[in-house]
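Each chain is listed here by its residues.
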Amino acid sequence: MKPQNVESGHKSYQMTEAIVELRGVNIRQGNRNILENVDLRIARGEFVYLVGKTGSGKSSLLKTLYAALPLASGSATVSGFDLRKTGRRKIPKLRRQLGIVFQDFNLLMDRSVEDNLRFALEATGWKKGTGAEERIDQVLQEVGLADRRRSMPHTLSGGEQQRVAFARALLNAPTLLIADEVTGNLDPETSKDILELMRNLGREHGTAVLFATHDYRLLDTFHARVVRCEGGKVFNSEG
Ligand SMILES: Nc1ncnc2c1ncn2[C@@H]1O[C@H](COP(=O)(O)OP(=O)(O)OP(=O)(O)O)[C@@H](O)[C@H]1O
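Quick summary incoming for the structure in this document. What you see is a predicted model; the values in this text were computed from it and never measured. (Residues numbered from 1 in each chain as written. Predicted model: local features only at pLDDT ≥ 70, side-chain atom pairs only at ≥ 80, totals over all residues.)

**Notes on the overall build of the protein chain**
Argument step 1. Regarding its fold elements, the protein chain presents six helices and twelve strands.
Argument step 2. Over its C-alpha trace the protein chain gives a radius of gyration of 18 Å, about what one expects of a compact globule, namely 18 Å for 239 residues.
Argument step 3. Expressed as lengths along the three principal axes of its C-alpha atoms, the size of the protein chain is roughly 45 × 40 × 35 Å.
Argument step 4. The buried share among the 239 residues of the protein chain stands at 35%.
Argument step 5. Contacts in the protein chain between residues far apart in sequence, at least 24 positions, make up 68% of those at least 6 positions apart. (Helix = DSSP H or I, 4+ residues; strand = E, 2+ residues; numbered from the N terminus. Rg over C-alpha atoms; globule rule 2.2 N^0.38 Å. Buried ≥ 20, exposed ≤ 12 C-beta atoms within 10 Å, placed from the backbone. Contact = placed C-beta atoms within 7 Å.)

Below, the structure is given as structure tokens:
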């Protein structure tokens, strides 16, 4: 296949560059084998659905990608980090390349939207006066919440709170967005809006998106590659 060049602002990148490359990975929780011999490749800017029943190992696979679970065996590269060589001290550096969003929005409820984002920026090493305020404006605009910058989280709907969580995940311009059951608390219409938003942001910025869900109905939202966890194995298929 001919590599496809995508223009993103002043950056040009190749859609074929791998952001995730797992080969023969075994994933364990405690002394239990969860997934065996996993091969998975995700290219820059690619959107991938990760599906499987509750307990099939989706979260364990995602945890492996952000180095919250060690590799039991095999090789894995995520955003240029070789996970076999990514010791504890390097993990924060790896995670700065990733945007991770969960079902629970995990917002600080006693702080405004902008304070939630400022807190995340400072926690990842941004200093005041280095474009932080502009970056907050940018990500809120991208998720369609520019006018809610000073709102408190409890005044926002569930869908809007999840958008704030996405805005926070986007702050450091991740190469990979990991979404673990992010629509679990949302109604079907809002879930599809969130899904569309993720796909569009991914396309625009060349961010790969791995969207885990046990809700197979969401696969009808748009056509994309589907990766399935079942019976301790991971199956790759064309969507
Ligand atoms: N900390 C742990 N210690 C031992 N076993 C665990 C641990 N966390 C998860 N498991 C087990 O690993 C298996 C896979 O769980 P995992 O959370 O990865 O599945 P999942 O597909 O993400 O499910 P869900 O959709 O419910 O989140 C389950 O059988 C679960 O009981």
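After that view, the rundown keeps rolling.
**Things to note about unusual backbone geometry**
Argument step 1. A positive phi angle, near 60°, is found at Ala67, a position not held by glycine.
Argument step 2. With 21 C-beta atoms counted inside 10 Å, the residue Ala67 sits in the buried group.

**Re the sheet that holds strand S5 (residues 47–51)**
Argument step 1. Strand order in the open sheet formed by six strands is S8-S9-S10-S5-S11-S12, and the pairing between neighbours is mixed. Each of the sheet's edge strands pairs with one partner strand only, and the pair in question is strand S8 (98–102) and strand S12 (233–237). Each neighbouring strand pair of the sheet contributes to a mean axis angle of 15°, computed without reference to strand direction.
Argument step 2. As defined by bridge partners, S5 adjoins strand S10 (residues 208–213) across five bridges and the pair is classed as parallel. The residue bridging Phe47 from the neighbouring strand is Val209, located in S10.
Argument step 3. With respect to the sheet, helix H6 (residues 188–205) is in contact with S5, strand S9 (176–180) and S10, its orientation differing from that of S10 by roughly 160°. (Pairing = 2+ DSSP bridges. Axes fitted to C-alpha atoms, helices over the stretch in contact; angles between N-to-C directions.)

**Some points on the environment of Asp39**
Argument step 1. Along the polypeptide, Asp39 turns up in strand S4 (residues 32–43).
Argument step 2. A tally of 12 C-beta atoms within 10 Å means that Asp39 is categorised as exposed.
Argument step 3. Taking the C-alpha atoms as reference points, Asp39 and Leu177, 138 residues apart in sequence, are found 19 Å from one another.
Argument step 4. Leaving out residues up to four positions away in the same chain, Asp39 has contacts with Leu22, Arg23 and Gly24.

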